[in-house]
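Fold and geometry: a report
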Amino acid sequence: FVTLQNGVESDVVVAGRFGRERVLPAVVYVGATLEHPGHVRHVAAGTIALGVPPGTEPARVARVRDLLATTGQPVRVADDFQRERWRKLLWNASFNTVSAVTGRDPAVLLRVPESRALLIAIMKEVAAVARAQGVALSDQDVDDQIVWTERAGAIRTSTTVDRERGR
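Cut-offs and rules
Residues numbered from 1 in each chain as written. Predicted model: local features only at pLDDT ≥ 70, side-chain atom pairs only at ≥ 80, totals over all residues. Heavy atoms only, no water. pLDDT = per-residue confidence, 0-100. Helix = DSSP H or I, 4+ residues; strand = E, 2+ residues; numbered from the N terminus. Phe/Tyr/Trp six-rings, centres within 6.5 Å; stacked < 30°, edge-to-face > 60°. Buried < 20%, exposed > 50% of the residue type's maximum accessible area, 1.4 Å probe, protein only. Lys NZ or Arg CZ within 6 Å of the ring centre and 35° of its normal. Salt bridge = Lys/Arg side-chain N within 4 Å of Asp/Glu carboxyl O. Axes fitted to C-alpha atoms, helices over the stretch in contact; angles between N-to-C directions. Parallel < 35°, antiparallel > 145°, perpendicular 65-115°, else oblique. Left-handed = near helix turned anticlockwise from the far one by under 90°. Contact = heavy atoms within 4.5 Å. Nonpolar A, V, L, I, M, F, W, Y, C, P; charged D, E, K, R; others polar. Expected span 1.5 Å × (residues − 1). Arc of directions from axis to C-beta. Polar contact = N/O pair within 3.5 Å; in protein donor to acceptor, adjacent residues only side chain to side chain.

It is worth spelling out the confidence of the model for the protein chain at this point. Per-residue confidence for the protein chain gives a mean pLDDT of 90; residues scoring 70 or more make up 99%. Here strand 3 (residues 32-36) stands out as the least confident element of the protein chain, with mean pLDDT 75; helix 5 (residues 113-132) is the most confident, with 97.

The subject of this paragraph is the packing of aromatic side chains. Evaluated as defined, the whole model comprises three aromatic pairs. Seen in terms of ring centroids, Trp91 and Trp148 are 6.2 Å apart; in terms of plane orientation they differ by 85°. Their pairing is edge-to-face. With Trp91 in helix 3 (residues 81-102) and Trp148 in helix 6 (residues 139-152), this pair connects stretches of sequence that are 57 residues apart. For Trp148, a relative accessible area of 47% translates into the label partly exposed. Taken together through their ring pairs, the aromatic side chains of Trp91, Phe95 and Trp148 make up a single cluster. Between the NZ or CZ atom of Lys88 and the centre of the ring of Tyr29, over which it lies, the distance is 5.5 Å.

A few words now on the pattern of salt bridges. The tally for this structure, following the rule as stated, stands at nine salt bridges. For Arg76, the salt bridge identified is with Glu84, shortest N-O distance 2.6 Å. In this structure, the salt-bridge partner of Glu150 is Arg116, at a minimum N-O distance of 2.8 Å. Residue Glu150 is found in helix 6, and its partner Arg116 is found in helix 5; the two are separated by 34 residues along the sequence.

We now examine the packing of helix 5 against helix 6. It is the contact of helix 5 with helix 6, at a shortest axis distance of 10 Å, that shows an interaxial angle of 135°. If you check the angle between helix 5 and helix 6, you find them oblique. As helix 5 packs across helix 6, the resulting crossing turns out to be right-handed. Contact residues: Arg116, Ile120, Met123 and Lys124 in helix 5; Asp139, Val142, Gln145, Ile146 and Glu150 in helix 6. Of the residues in the contact of helix 5 with helix 6, the class split is four nonpolar, one polar and four charged.

Turning next to helix 6. With 14 residues, helix 6 extends 20 Å between its outermost C-alpha atoms, agreeing within 8% with the 20 Å of an ideal straight helix rising 1.5 Å per residue. Along helix 6, the positions that sit buried rather than exposed are Asp141, Val142, Gln145, Ile146 and Thr149. Axial view of helix 6: buried residues confined to an arc of 140°, hence all on one face. If you follow the buried residues of helix 6, they end up packed against helix 3, helix 4 (106-111) and helix 5. N-cap assignment for helix 6: the residue whose side-chain oxygen lies 3.2 Å from the backbone N of Gln140 is Ser138.

Here it is as structure tokens:
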């Protein structure tokens, strides 16, 4: 099983049901929206980053990477998977929530000093929790997420889309 879900523990839940040896964690960077059942619209380049859990043979993960890559989706094995998943949480915990509540896209939120400060505060709190869990996130990771988002332009977050659709 490859967990193509957000969150820092999604693979743990699946492993609890099917066994740690049968589960590979992944971080997914996609811009996908469920338009209606059976129809997903993908609007971003996207990448899948796979983790190598303790006790898992790296060659096995490489085989899964190669198989997934046959779809045309970029797939890589993350050097520091825990850091990778927490870096994504930095963005999701801040931009998804604030954009859904305000109805504004992330680039607009960054141009308003008050919402920019709120986003940075949320990311710094996530980074502090990550560090408490032994994951090396820093203020530079927060800065990197801000720079990436400013360059990305207008993005509608998945949580905003879900809210607009009454989910």
